[in-house]
Amino acid sequence: VIEAVRGAGGGQVVVAGLCLPKALAPILPILLQGMLQGGSAEAREAAAEGLGELVELTGKNTLPPFVIQITGPLIRIIGDKFTWQVKAAILQTLAILILKGGLALKPFLPQLQTTFVKCLHDGSRVVRLRSAKALGLLMALQPKVDTLVAELVVNLTTADPDVKAAMAVALKGTLVNAGKNISALLMSKVTAALLEVEAGGNEEEDQDLREMAASSLGILAIHCSDEDLKSVLSSVSSASSSLPADRRHVDALSLSAVLRRAPGRLVGSEPMLKMVVKFLSVRLSDDTAWVRLAALSGASHLLKFQQASTSSEEEEEGKGTATSLPALVAQIAKCVSDDSSDCRLKALSVVKGVAKRSKGDGVQPHLPALLPPVLDALSDRNSNVKAKADRALRYCLRLNTGEMNYASTWLKTPEGSKLKSRISDALLKRTSQLPDVSDASDISDKE
């Protein structure tokens, strides 16, 4: 039942009985004994995983009195020579404890940090990545992080390729949870290191590591100085077609990450905004599908932010969204007819999102460019593309209101009359009756 609730996105699950005072008292000794004295590595691993499950199901107010009793043995045993499976299970449980126990773990902060940093160099990839994740979470409780960040930066550029991935995960977690605590001087070094990895400064660096650096640049953009932000934009926004496809891809991912996390810092500067729009315009027409897909994500974040910052009066006057949409609309429309089904799906999500968020008539001038490929997509062989096209059309013609007045009026205009033969009353009626469900892909992108 618990797994079913988690799988359905039901959020955190707690057991009512484990929310009572001293509810853990009769259960903890059994699991701790199994972990400390288990007759086999499998038994210790199962006990460590059981502790994690127990902590996860326990109420937040019930847990604090037991934090010391749980954490001490976990730190002690992870330093012993056990299999990587046991270490991985303990690290997972410690990560859960950090999330659930919070400041109750304060007495253990130095020990935990030392333990996690040591595990970053473990021979097992699973252990390295779990320790990196736990270290990032721990930084939310640490007021001073510069010493650790400096160590992570050095290792990110000099460590063995297998270890660099863990360093990147730990650095990203630290930026997320404690970015505001990093000094300006050190933040410049973080910027330089991430840009070096993102650009593939070392031939041994794999694409996953470079994509992790790209994602981290988005978080860094929230906290870095204006000069560091300019360095990021200058490095990732080259519109040159001579760059290799993998570099064009990570650059597009980097800019998309910045537009997702800190769009206001780019949109608020006219020179920066021009660079961004030019870059997206070029990459939306790139000859590599995954580059176009990353550029579509960036365009989506940019337009979403601009629309959220624009009133209906400004939109109707051609301000706000219109500063970027006209420059990108032709490329977005072309992507709706892309050879890649992933690009078609994403482009339709962008069209639908822009139309849905429109407060005035800011989208209407672009309907002649957007609607023909959307109508073509209604007969796409991919059922997901067809469904997405239905919803894009629904919002473009404002059929989500349940009325067809806007659509009927627009189809009588000179631009709309050219498409009248393709938009029947039956199509309008069917599309207007679609259920008003949320489309998460229009709201955010996973990184």
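Parameters at a glance
Residues numbered from 1 in each chain as written. Predicted model: local features only at pLDDT ≥ 70, side-chain atom pairs only at ≥ 80, totals over all residues. Heavy atoms only, no water. Helix = DSSP H or I, 4+ residues; strand = E, 2+ residues; numbered from the N terminus. Buried < 20%, exposed > 50% of the residue type's maximum accessible area, 1.4 Å probe, protein only. Contact = heavy atoms within 4.5 Å. Areas by Shrake-Rupley, 256 points an atom, 1.4 Å probe, with all protein chains shown as cover. Lys, Arg positive; Asp, Glu negative; His and termini not counted. Charge placed at Lys NZ, Arg CZ, Asp CG, Glu CD. Arc of directions from axis to C-beta. Core = buried A, V, L, I, M, F, W, Y, C linked by side-chain atoms within 4.5 Å. Phe/Tyr/Trp six-rings, centres within 6.5 Å; stacked < 30°, edge-to-face > 60°. Lys NZ or Arg CZ within 6 Å of the ring centre and 35° of its normal. Salt bridge = Lys/Arg side-chain N within 4 Å of Asp/Glu carboxyl O. Axes fitted to C-alpha atoms, helices over the stretch in contact; angles between N-to-C directions. Parallel < 35°, antiparallel > 145°, perpendicular 65-115°, else oblique. Left-handed = near helix turned anticlockwise from the far one by under 90°. Nonpolar A, V, L, I, M, F, W, Y, C, P; charged D, E, K, R; others polar. pLDDT = per-residue confidence, 0-100. Patch = residues over 30% accessible without salt bridge, like charges linked within 9 Å, V, L, I, M, F, W, Y side chains within 5 Å. Expected span 1.5 Å × (residues − 1).

Topic: the overall build of the protein chain
Here comes step 1: Counting its regular elements, the protein chain contains 24 helices and 0 strands.
Here comes step 2: Taken over the C-alpha atoms alone, the protein chain extends approximately 80 × 50 × 40 Å along its principal axes.
Here comes step 3: Of all 447 residues assigned to the protein chain, the portion counted as buried reaches 51%.
Here comes step 4: Taking the contacts inside the protein chain whose residues are at least 6 apart along the sequence as the reference set, 71% of them involve residues at least 24 apart.
Here comes step 5: Looking at the protein chain as shown, the accessible area adds up to about 20,400 Å², and 54% of this sits on carbon and sulfur atoms.
Here comes step 6: On the protein chain, the mean spot of the 52 positive side-chain charges and the mean spot of the 48 negative ones are 4 Å from each other.

Structural notes on helix α12 (residues 226-236)
Here comes step 1: When we look at burial in α12, the residues that qualify are Asp228, Leu229, Val232, Leu233 and Val236. One face of α12 carries all of its buried residues, which in axial projection span an arc of 135°. Summarising the geometry of α12, the exposed residues directed more than 90 degrees from the buried face are Asp226, Glu227 and Ser234.
Here comes step 2: Structurally, α12 contributes buried residues whose contacts are with α10 (184-198), α11 (207-223), α13 (245-261), α14 (263-267) and α15 (270-283).

A look at the nonpolar core
Here comes step 1: If you look at the biggest cluster of nonpolar residues, it comprises 141 residues, and the most contacted ones within it are Leu280 and Leu397.
Here comes step 2: The greatest single-element share of this core, amounting to 10 residues, is contributed by helix α5 (residues 84-101).
Here comes step 3: The residues touching leucine 397, leaving out its near neighbours within four places in the chain, are Leu367, Leu371, Tyr406, Ala407, Trp410, Ile423 and Leu428.

Things to note about the packing of aromatic side chains
How two aromatic rings sit relative to each other is set out by the distance from centre to centre and by the angle between their planes.
Here comes step 1: In this structure the tally under the stated criterion is 0 aromatic pairs.
Here comes step 2: Positioned above the aromatic ring of tyrosine 395 is the side chain of arginine 394, whose terminal nitrogen or guanidinium carbon lies 5.6 Å from the ring centre.
Here comes step 3: For the cation-ring pair, arginine 398 lies above tyrosine 406, with the distance from its terminal atom to the ring centre recorded as 4.2 Å.

Concerning the environment of leucine 185
Here comes step 1: Looking at where leucine 185 falls in the secondary structure, it is placed in helix α10.
Here comes step 2: A relative accessible area of 63% places leucine 185 in the exposed class.
Here comes step 3: Taking the C-alpha atoms as reference points, leucine 185 and serine 225, 40 residues apart in sequence, are found 9.6 Å from one another.

Thoughts on unusual backbone geometry
Here comes step 1: Here the phi dihedral of lysine 22 falls at roughly 60°; this positive angle occurs in a residue that is not glycine.
Here comes step 2: According to the relative accessible area criterion, lysine 22 is exposed, its value standing at 67%.
Here comes step 3: Located in the positive-phi region is arginine 398, a residue other than glycine, with phi close to 55°.
Here comes step 4: Structurally, arginine 398 is set in the loop between α21 (383-396) and α22 (405-410).
Here comes step 5: With relative accessibility at 31%, the residue arginine 398 sits in the partly exposed group.

Focus on the pattern of salt bridges
Here comes step 1: As enumerated under the stated definition, the model contains 13 salt bridges in all.
Here comes step 2: Residues arginine 283 and aspartate 286 are paired through a salt bridge, measuring 3.6 Å at the closest nitrogen-oxygen approach.
Here comes step 3: Of the residues examined, arginine 283 reaches a relative accessible area of 2% and is grouped as buried.
Here comes step 4: Take aspartate 286: its relative accessible area is 8%, and that puts it in the buried class.
Here comes step 5: Its salt-bridge partner being aspartate 376, residue arginine 422 comes within 2.5 Å of it at the nearest N-O pair. Taken together, the positions of arginine 422 in the loop between α23 (414-417) and α24 (425-432) and aspartate 376 in helix α20 (residues 367-377) put the pair 46 residues apart, joining distant regions of the chain.
Here comes step 6: We classify arginine 422 as partly exposed; its relative accessible area is 36%.

Focus on the packing of α10 against α11
Here comes step 1: Where α10 meets α11, the axes come as close as 8 Å, and the angle between the chain directions of the two elements is 150°. By the criterion of interaxial angle, the relationship of α10 to α11 is roughly antiparallel. Considering how the two elements wind past one another, α10 and α11 form a crossing that is left-handed. In this structure, α10 uses Met187, Val190, Thr191, Leu194, Leu195, Val197 and Glu198 to contact α11, whose residues at the interface are Leu209, Arg210, Ala213, Ala214, Ser216, Leu217, Leu220 and His223.
Here comes step 2: Tallied by class, residues from the contact of α10 with α11 come to 10 nonpolar, 3 polar and 2 charged.

A short note on the packing of helix α6 (residues 109-119) against helix α7 (residues 125-138)
Here comes step 1: Where α6 contacts α7, the two axes come as close as 8 Å, and the packing angle between them is 150°. Between α6 and α7, the interaxial angle falls into the category roughly antiparallel. Viewed along their axes, α6 and α7 form a crossing whose handedness is left-handed. In contact with Leu109, Leu112, Gln113, Phe116, Val117 and Cys119 of α6, α7 contributes Val127, Arg128, Ser131, Ala134, Leu135 and Leu138.
Here comes step 2: In terms of residue class, the contact of α6 with α7 is made up of 9 nonpolar, 2 polar and 1 charged.

Some details on the environment of proline 435
Here comes step 1: Position of proline 435 relative to the elements: it lies in the segment after α24.
Here comes step 2: When neighbours within four sequence positions are excluded, proline 435 is seen to be in contact with Arg391 and Arg394.

Some details on the confidence of the model for the protein chain
Here comes step 1: Model confidence for the protein chain is summarised by a mean pLDDT of 90, while 91% of its residues fall at 70 or above.
Here comes step 2: Note on residues 442-447: pLDDT under 50 across the span, and 17 contacts to partners over four residues away in sequence or across chains.

Remarks on a negative patch on the surface
Here comes step 1: Negative charge collects at one region of the surface, where Asp160, Asp162, Asp206 and Asp208 lie side by side.
Here comes step 2: Structurally, aspartate 206 can be placed in the loop between α10 and α11.
Here comes step 3: A relative accessible area of 44% means that aspartate 206 is categorised as partly exposed.

Concerning α5
Here comes step 1: Relative to the 26 Å expected for 18 residues at 1.5 Å per residue, α5 spans 25 Å between its end C-alpha atoms, a close match to the ideal helical length.
Here comes step 2: Phi turns positive one or two residues past the end of α5, at glycine 102, with a value near 55°.

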